[in-house]
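Breakdown of the fold
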Amino acid sequence: MIGEGAQMADDMVFMGDHEASHDASPVERVSGIGVDEFVRRFRIPRRPVILTDALQDWPALGRFTPDYFSREFADLPIRCAGKDYRLGEALTLQRNATADQPGPYPCAITDCRQFMRDISPRFGYSLPNRHTHPLVPALLFNSISHIDIFFGGAGNNFPFPHYDFLRMHGWVAQVYGDKEFTLFYPGQEHLLYVDPQRPWRSTMESTNEPDPGRYPLFRQARGRKVIVHAGEALFIPCGTWHAVRSLNASISVLFDQLESSNWREFRQEVVALRRREGQFMKARLIDAYLWVLGPAMDVLEYFGANRRKDWGAR
């Protein structure tokens with residue numbers, strides 16, 4: 001049963017650059033559901049959903065604003081689009097940006113340890129999570145961060161289709177402002193021009209005005225545009241292709257989730273990555289280790305493992 005606050009997401013379904021009002025499944029906005037229902041209705045069938053009440057216990061909600069970070073963390077070193085900034089400087093550039101002249105992006109705090117109390121507890125919908133378990137080697141993740149605080153402004157976007165690295169589930173906790181997501185329906189890789197060297201992203205640089213001569217099939221791609229507002233969390237199931245656009249000054253907490261239902265695909269992605277790097281023996285060893293570790297994690301989770309609401313940082 002859908003919670004009392006349930007409704008559909010804001011935007012129309014699209015087909016390429018044409019709107020479509022049939023043969024489509026809008027992304028739901030849901031509140032007041034339990035974790036078991038979330039797993040049954042959304043995680044297992046891999047349906048994106050916006051949870052409107054997931055962040056209600058976070059101190060960050062209401063505290064995290066551009067002014068707060070400019071005042072309290074102006075001198076925090078940050079790297080945006082390959083350049084070094086102070087956070088206050090980057091936020092000023094974003095504040096003065098326009099859609100035609102955007103500020104620096106991507107712009108994110110990747111070491112979030114000093115902010116963990118502000119974004120706790122980790123809500124139950126995003127648990128269990130395996131990537132911080134000591135039996136899961138950190139080196140498997142290629143030094144990626146699992147929690148980022150992203151800052152955006154007018155004109156900032158990830159305009160190219162992509163899915164979250166290593167087939168992990170993606171979570172977007174919107175604590176300030178609004179973001180628009182384009183979520184593509186499954187099974188359309190042949191229309192999205194997948195980069196063979198980086199198979200988690202498209203060779204297209206933008207979904208906004210793709211070159212019809214280079215990307216003629218993209219016009220057939222089907223997806224949904226949804227807007228995530230402050231206080232809401234968007235669940236992006238593993239392997240879901242998407243693109244992102246900031247509609248205004250925005251702050252988002254992005255984090256990933258690794259659990260039983262996406263473990264096999266995670267293992268395959270990790271192994272494929274090592275093979276592309278020519279590390280064939282290492283790929284075989286990792287594959288064997290993860291193949292054994294998966295069922296062991298299932299047993300441990302049956303007894304409550306990997307459910308730390310303090311994020312279980314290593």
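In what follows, the structure referred to is the one given above.
Below is a summary of the structure that appears in this document. (Residues numbered from 1 in each chain as written. Predicted model: local features only at pLDDT ≥ 70, side-chain atom pairs only at ≥ 80, totals over all residues. Heavy atoms only, no water.)

1. Side note on helix 6 (residues 260-276)
At 3.6 residues per turn, the α-helix brings residues three or four places apart onto the same side. With 17 residues, helix 6 ought to run about 24 Å at 1.5 Å a step, and its terminal C-alpha atoms sit 25 Å apart, in line with that. Within helix 6, burial applies to Asn262, Trp263, Glu265, Phe266, Arg267, Glu269, Val270, Val271, Leu273 and Arg274. In this structure, the buried side of helix 6 is in contact with strand 11 (169-176), strand 16 (250-257) and helix 7 (280-302). Positive phi appears at Gly278, one or two residues downstream of helix 6, with a value of about 80°. (Helix = DSSP H or I, 4+ residues; strand = E, 2+ residues; numbered from the N terminus. Expected span 1.5 Å × (residues − 1). Buried < 20%, exposed > 50% of the residue type's maximum accessible area, 1.4 Å probe, protein only. Contact = heavy atoms within 4.5 Å.)

2. Digging into the side chain of His169
Along the chain, the position of His169 falls in strand 11. Within the structure, His169 has its side chain in polar contact with the backbone nitrogen of Cys238 (distance 3.0 Å). Here Glu259 takes part through its side chain, which lies 2.7 Å from a polar atom of the side chain of His169. Excluding residues that lie within four positions of it along the chain, His169 makes contacts with Arg43, Asp164, Phe235, Ile236, Pro237, Cys238, Phe255, Asp256, Gln257, Glu259, Ser261 and Asn262. (Polar contact = N/O pair within 3.5 Å; in protein donor to acceptor, adjacent residues only side chain to side chain.)

3. Points about the packing of aromatic side chains
One pass over the structure, following the stated rule, counts 32 aromatic pairs. Ring geometry for Trp58 versus Phe123: centroids 6.0 Å apart, planes at 35°, classification tilted. Taken together, the positions of Trp58 in the loop between strand 5 (49-51) and helix 2 (60-63) and Phe123 in the loop between strand 8 (108-109) and strand 9 (147-152) put the pair 65 residues apart, joining distant regions of the chain. Phe123 shares its class with Trp58; the two are buried. Clustering of aromatic rings is evident, with ring pairs tying together Phe38, Phe42, Trp58, Phe123, Tyr125, Trp171, Phe235, Phe255 and Trp311. Stacked on the ring of Trp263, the Lys or Arg Arg130 has its end atom at 5.0 Å from the ring centre. The ring of Phe160 is capped by Arg201, whose NZ or CZ atom sits 3.9 Å from the centre of that ring. (Phe/Tyr/Trp six-rings, centres within 6.5 Å; stacked < 30°, edge-to-face > 60°. Lys NZ or Arg CZ within 6 Å of the ring centre and 35° of its normal.)

4. A closer look at a nonpolar patch on the surface
Residues Leu135, Tyr289 and Leu300 make up a contiguous nonpolar surface patch of about 240 Å² in total accessible area. Mapped onto the elements of the fold, Tyr289 is located in helix 7. (Patch = residues over 30% accessible without salt bridge, like charges linked within 9 Å, V, L, I, M, F, W, Y side chains within 5 Å. Areas by Shrake-Rupley, 256 points an atom, 1.4 Å probe, with all protein chains shown as cover. Salt bridge = Lys/Arg side-chain N within 4 Å of Asp/Glu carboxyl O.)

5. Some words on the nonpolar core
The biggest cluster of nonpolar side chains holds 41 residues, and the ones touching the most others in it are Phe38, Trp58, Phe64, Phe69 and Ile149. Ignoring anything within four residues of it in the chain, the contact list for Phe38 reads Ile33, Arg43, Val49, Leu51, Tyr125, Trp171 and Phe235. (Core = buried A, V, L, I, M, F, W, Y, C linked by side-chain atoms within 4.5 Å.)

6. Some details on the pairing of strand 14 (residues 233-236)
A two-sided burial pattern is seen for strand 14, the buried positions comprising Ala233 and Phe235 on one face and Leu234 and Ile236 on the other. With 3 bridges joining them, strand 5 and strand 14 adopt antiparallel strand pairing. The residue of strand 14 that forms the bridge with Leu51 is Ala233. Of the pairings in the sheet, the one linking strand 11 to strand 14 comprises 4 bridges and is antiparallel in character. Its bridge partner lying in strand 14, Val172 is registered against Leu234. (Pairing = 2+ DSSP bridges.)

7. As for the pattern of salt bridges
The full count for this structure, using the stated rule, is 19 salt bridges. For the salt bridge of Glu28 with Arg47, the shortest nitrogen-to-oxygen distance reads 2.7 Å. Remark: Arg47 occurs in the loop between helix 1 (35-43) and strand 5 and Glu28 occurs in strand 4 (residues 28-30); sequence separation between them is 19 residues. Overall, the relative accessible area of 27% leaves Arg47 in the partly exposed class. For Arg245, the salt bridge identified is with Glu180, shortest N-O distance 3.1 Å. With Arg245 in strand 15 (residues 242-246) and Glu180 in strand 12 (residues 179-184), this pair connects stretches of sequence that are 65 residues apart.

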